[in-house]
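Each chain is listed here by its residues.
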Amino acid sequence: MADTNFLKSASKPSAPSEKKNQKRGVRNLFRRKELGVNLMSPDIVREVTRQIERKNVIQILISFLVACALVGVSYLGIFIYGYFNAKNLKPIQDRLSTVNQEISSLELNSPALAAFQNTLSALAILLSDHIYWTRFLDQLEAATLKDVKYESLSVSTASNSLTLNGVAPSYLDIGKQIRAFQNASSTFPTVSVGTANSILDQGGQVTGVNFTLSLTVNLDIIKGLGNGTSTSQ
């Protein structure tokens, strides 16, 4: 009996101590949670950290590749644009080069060109003052009657005057000739009769009339290039 009581007395005190330890462990657990203590093991923390770093590296690599692709596309677009622009500008540049060469050639020949231009200017002045006698004769013939003939004529360019010595069938024909010159006043502004003498045959009959006409000539009609043909003066 005595031994039995001793065992009982020895086993009873252990129960309260175990309960106390359990309670203390629960309190410590709640206390760790309240204090924010990380309950994950170091291996788990390292693995999670490694995964996060790998994910960040992948994202950075993808961003870098996308940026490189955008830069490459932009560069390619600029290259294509420049290529086509250069291709379109090639004919213009060739034409500009040709024009520059022509200008350089003209500049080298400018003294000869200036001398030639002076010669042309002098020729133009001479031709503008030149009297085209074929044009004058055409105007005179157009104003002359068929039955009137000229034996001589003299022209004074200083006074723009013309003297005609001719023969007409009658005095009436001389009057008609004067009227014809008056109708051509743009070429012959004034006309007058100097002399008129009858031509008699052996029987005393009038066979014609000798006359002299004085006219002024509009030299502007018969000078200069116009549409006339030049002959020697």
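Cut-offs applied
- Think of each chain on its own: its residues are numbered from 1, step by step along the sequence as written.
- The model is predicted, so local features are restricted to residues of pLDDT at least 70 and side-chain atom pairs to those at 80 or more, both for listing and for counting; the totals for chains, interfaces and linings are taken over all residues.
- The basis for every side-chain value is the complete set of non-hydrogen atoms in the structure, without hydrogens or water.
- Note on pairing: two strands pair once DSSP finds at least 2 bridges between them.
- Put simply, DSSP marks the helices as runs of H or I at least four residues long and the strands as runs of E at least two long, and each gets a number from the N terminus on.
- Only Phe, Tyr and Trp rings take part, Trp by its six-membered ring, and two of them pair if their centres are within 6.5 Å. Stacked means planes under 30 degrees apart, edge-to-face means over 60, and tilted covers everything else.
- Burial classes: relative accessible area under 20% of the type maximum marks a residue as buried, over 50% as exposed, and values in between as partly exposed (1.4 Å probe, protein chains only).
- Orientation is described by axes fitted as lines to C-alpha atoms, over the contacting stretch for helices, and by angles from 0 to 180 degrees between their N-to-C directions.
- Working rule for contacts: check all heavy atoms of both residues, and any pair within 4.5 Å makes them a contact.
- Per-residue confidence from the predictor is given as pLDDT, running between 0 and 100.
- Whenever two N or O atoms come within 3.5 Å, that pair is a polar contact, provided that in protein one can donate a hydrogen and the other can accept it, and provided that, for residues adjacent in sequence, both atoms are side-chain atoms.
- Given the number of residues in a helix, its expected span is that number minus one, multiplied by 1.5 Å.
- The directions considered for the arc run from the helix axis to the C-beta atoms.
- Nine residue types can take part in a nonpolar core, namely buried Ala, Val, Leu, Ile, Met, Phe, Trp, Tyr and Cys, and a core is a set of them joined through side-chain atoms within 4.5 Å.
- Each patch is built from salt-bridge-free residues with over 30% relative accessible area, joining like charges within 9 Å and nonpolar side chains (Val, Leu, Ile, Met, Phe, Trp, Tyr) within 5 Å.
- Per-residue and other accessible areas were derived by the Shrake-Rupley procedure at a 1.4 Å probe size, with only the shown protein chains allowed to occlude residues.
- By definition, a salt bridge exists where a carboxyl oxygen of Asp or Glu is found within 4 Å of a side-chain nitrogen of Lys or Arg.

Let us look at the pairing of strand 3 (residues 191-200). Across 9 bridges, the pairing between strand 3 and strand 4 (residues 206-216) is antiparallel. Counted as the bridge partner of Ile-199 is Gly-208 from strand 4.

Further remarks concern the packing of aromatic side chains. In total, this model carries 1 aromatic pair according to the counting rule given. For the ring pair Phe-181 and Phe-188, a centre distance of 5.3 Å and an interplane angle of 75° mean the geometry is edge-to-face. The two residues Phe-181 and Phe-188 agree in class, both being buried.

If you trace the 4 strands from one edge of the open sheet to the other, you get 1-2-4-3, paired in antiparallel fashion. Each edge of the sheet is formed by a strand with only one pairing partner; in this case those strands are strand 1 (149-156) and strand 3. On average, each strand axis in the sheet is tilted by 10° relative to the strand beside it, whichever way the strands run. Two elements, strand 2 (residues 161-168) and strand 4, share 8 bridges in a ladder whose sense is antiparallel. Along strand 4, the bridge assignment pairs Leu-164 with Leu-213. On the sheet, helix 5 (residues 133-143) packs against strand 1 and strand 2 and is oriented at approximately 135° with respect to strand 1.

Averaged over all residues, the pLDDT of the protein is 75; the fraction at 70 or higher stands at 73%. For the protein, helix 1 (residues 2-11) is the element with the lowest average pLDDT, namely 46, and helix 6 (residues 171-183) is the one with the highest, namely 93. Per-residue pLDDT stays below 50 along residues 1-12; that stretch engages in 0 contacts with residues further than four places along the chain or on separate chains. Contacts for the low-pLDDT stretch residues 227-233, under 50 throughout, to residues beyond four places or in other chains number 12 contacts.

Moving on, we get to the side chain of Thr-144. With respect to the helices, strands and loops of the structure, Thr-144 is situated in the loop between helix 5 and strand 1. Polar side-chain contacts of Thr-144 include one of 2.7 Å to the backbone oxygen of Leu-140.

If you trace the backbone, Gln-177 turns up in helix 6. Within the structure, Gln-177 has its side chain in polar contact with the backbone nitrogen of Leu-145 (distance 2.9 Å). Discounting residues that sit within four places of it in the chain, Gln-177 has contacts with Ala-143, Thr-144, Leu-145, Val-148, Tyr-150 and Leu-213.

Attention shifts here to helix 6. The end-to-end C-alpha distance of helix 6, which contains 13 residues, comes to 19 Å, matching closely the 18 Å that a straight helix rising 1.5 Å per residue would cover. Among all positions of helix 6, only Asp-173, Ile-174, Gln-177, Ile-178, Ala-180 and Phe-181 are buried. Buried residues of helix 6 fall within an arc of 155° about the axis and therefore sit on the same side. Looking at helix 6, the residues exposed on the side facing more than 90 degrees away from the buried face are Leu-172, Arg-179 and Asn-183. Residues of helix 6 that are buried sit in contact with helix 5, strand 1, strand 2, strand 3 and strand 4.

The next point concerns the nonpolar core. Core analysis: the biggest nonpolar cluster contains 21 residues, and Phe-136, Phe-181, Phe-188 and Leu-215 have the highest contact counts within it. Excluding anything up to four places from it in sequence, Phe-188 contacts Phe-136, Gln-139, Leu-140, Ala-143, Leu-162, Phe-181, Leu-215, Thr-216 and Val-217.

This part takes up the environment of Ala-180. For Ala-180, the position within the fold is in helix 6. For Ala-180, a relative accessible area of 18% translates into the label buried. Remark: the alpha-carbon pair of Ala-180 and Ala-142, spanning 38 residues in sequence, is separated by 9.2 Å. Apart from the residues lying within four places of it in its own chain, the contact partners of Ala-180 are Ala-143 and Leu-145.

Here we come to a nonpolar patch on the surface. Side chains of Tyr-75, Leu-76, Phe-79, Ile-80, Tyr-83 and Phe-84 sit close together on the surface and give an oily, nonpolar patch of about 680 Å² of accessible area. With respect to the secondary-structure elements, Tyr-83 resides in helix 3 (residues 42-108). On the basis of relative accessible area, Tyr-83 is assigned to the partly exposed category, the value being 48%.

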